[in-house]
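Reading the structure
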Amino acid sequence: MCSANSSVLKNRIYVYLGYYADRRRDISDELIDDVLGEVEKLSRFVYRYEYFDSPPDFLSKEPYTSYFRDSRGVIVSATTLGLDIDRRIKLLSKTDPARSVVFDACASAYLEERADRFEVSIPYPLAPRFCPGYGGSDVSDIRHIFDILKPEKFGMTLGENFYMIPSKSMAGVLAVGGTAKRQCGNCALKSDCRYLKEGEKCFSEKT
């Protein structure tokens, strides 16, 4: 099992799998631990970022302007787990479809957790990540992040409909300082979130 915060990471995995409190008995912790170990072994985690004193031009519109309210700087970031993860998901989809689903969810959660851990090391007080596509923003804004960071240099490319390759990649921005908090409205899983349907949240209000 990886050295990550186990409870937070597993909670994310269950959310990606659609397994909430009343269904978690349907999948074993042993399977998740085994798959996470494989994800960690195959991952080639890379994180690149650039600091700006003020938001680049593509961020001068809502919902970014609200996100950056009261901030004093901007981090533009891109991160990936590498192509070996994609290759493993493709192979498992043919040889073990059930494990492939778990592997995919574990890899998505692992990428977020690794990015969270890396961002703690950045020497600025940061708001939660905000990625193009969150909160009604345009996913096509990813191209501006690629223009700034040139992540092609470390293996990330932008495909059709702004789909990132490798698939376990993220590109986004972080407010330095400011008052932005983690919000359900910024989540890509909002439309299918059972936590919200039950009047709950999958994260602490303090994060």
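Above this text you will find the structure in question.
Here the structure is a predicted model, which is why all the values come from computation and not from measurement.

1. Regarding the overall build of the protein chain
Looking only at helices and strands, one finds seven helices and five strands in the protein chain. When the helices and strands of the protein chain are read in sequence order from the N terminus, they spell out α-α-β-α-β-α-α-α-β-β-β-α. With 207 residues in all, the protein chain has 45% of them scored as buried. Considering only contacts within the protein chain whose residues lie at least 6 apart along the sequence, 73% involve residues at least 24 apart. Summed over its atoms, the accessible surface of the protein chain is roughly 10,800 Å², and 50% of this surface lies on carbon and sulfur atoms.

2. Description of the packing of aromatic side chains
Evaluation of the coordinates by the stated rule reveals 11 aromatic pairs. Centroid distance Tyr67 to Phe68: 4.8 Å. Interplanar angle 75°. Geometry classified as edge-to-face. With relative accessibility at 7%, the residue Phe68 sits in the buried group. A network of ring pairs unites the aromatic residues Phe58, Tyr64, Tyr67, Phe68, Phe130 and Tyr134 as a single cluster. Sitting over the ring of Phe154, Arg48 keeps its end group 5.4 Å from the ring centre.

3. Looking at the environment of Tyr51
Assignment of secondary structure puts Tyr51 in strand β1 (residues 46-52). Residue classification places Tyr51 among the partly exposed residues on the basis of a relative accessible area of 28%. In sequence terms Tyr51 and Val74 are 23 residues apart; their C-alpha atoms lie 5.7 Å from each other. Residue contacts for Tyr51: discarding those within four places in its chain leaves Arg72, Gly73, Val74, Ile75, Tyr124 and Val176.

4. Considering the environment of Leu17
Mapped onto the fold, Leu17 is located in helix α1 (residues 6-17). When the C-alpha positions of Leu17 and Ile27 are compared, they lie 9.8 Å apart, and in sequence the two are 10 residues distant. Those residues within four positions of Leu17 in sequence are excluded, and the remaining contacts are Ile27, Val101, Val102 and Ala105.

5. Things to note about the side chain of Lys168
Note on placement: Lys168 falls in the loop between β4 (164-165) and β5 (169-177). What Lys168 contacts, discounting residues up to four positions off in sequence, is Thr79, Thr80, Leu81, Ile85, Asp86, Ile89, Asp104, Ala107, Ser108 and Leu111.

6. Topic: the pattern of salt bridges
For the coordinates displayed, the defined rule picks out 13 salt bridges. Between Glu112 and Arg12 there is a salt bridge, with the nearest N and O atoms lying 3.8 Å from each other. You can see Glu112 sitting in helix α5 (residues 97-121) and its partner Arg12 sitting in helix α1, a full 100 residues away along the chain. Here Arg117 ties to Glu113 by a salt bridge, and the two come within 2.9 Å at their closest N and O atoms. Taken together, the residues span about one helical turn, with Arg117 and Glu113 both in helix α5 at a distance of four residues. The exposure class assigned to Arg117 is partly exposed, which follows from its relative accessible area of 35%.

7. Focus on the nonpolar core
Counting 51 residues, the largest nonpolar core has Ile13, Val39, Tyr67, Phe68, Cys106 and Val173 as its most contacted members. When residues of this core are assigned to their parent elements, the largest contribution, nine residues, is made by α5. Aside from chain neighbours lying at most four places away, what touches Val39 is Ile85, Phe103, Cys106, Ala107 and Tyr110.

Quick notes on the rules
Residues numbered from 1 in each chain as written. Predicted model: local features only at pLDDT ≥ 70, side-chain atom pairs only at ≥ 80, totals over all residues. Heavy atoms only, no water. Helix = DSSP H or I, 4+ residues; strand = E, 2+ residues; numbered from the N terminus. Buried < 20%, exposed > 50% of the residue type's maximum accessible area, 1.4 Å probe, protein only. Contact = heavy atoms within 4.5 Å. Areas by Shrake-Rupley, 256 points an atom, 1.4 Å probe, with all protein chains shown as cover. Phe/Tyr/Trp six-rings, centres within 6.5 Å; stacked < 30°, edge-to-face > 60°. Lys NZ or Arg CZ within 6 Å of the ring centre and 35° of its normal. Salt bridge = Lys/Arg side-chain N within 4 Å of Asp/Glu carboxyl O. Core = buried A, V, L, I, M, F, W, Y, C linked by side-chain atoms within 4.5 Å.

Purely spatial values, then, with no claim about function.
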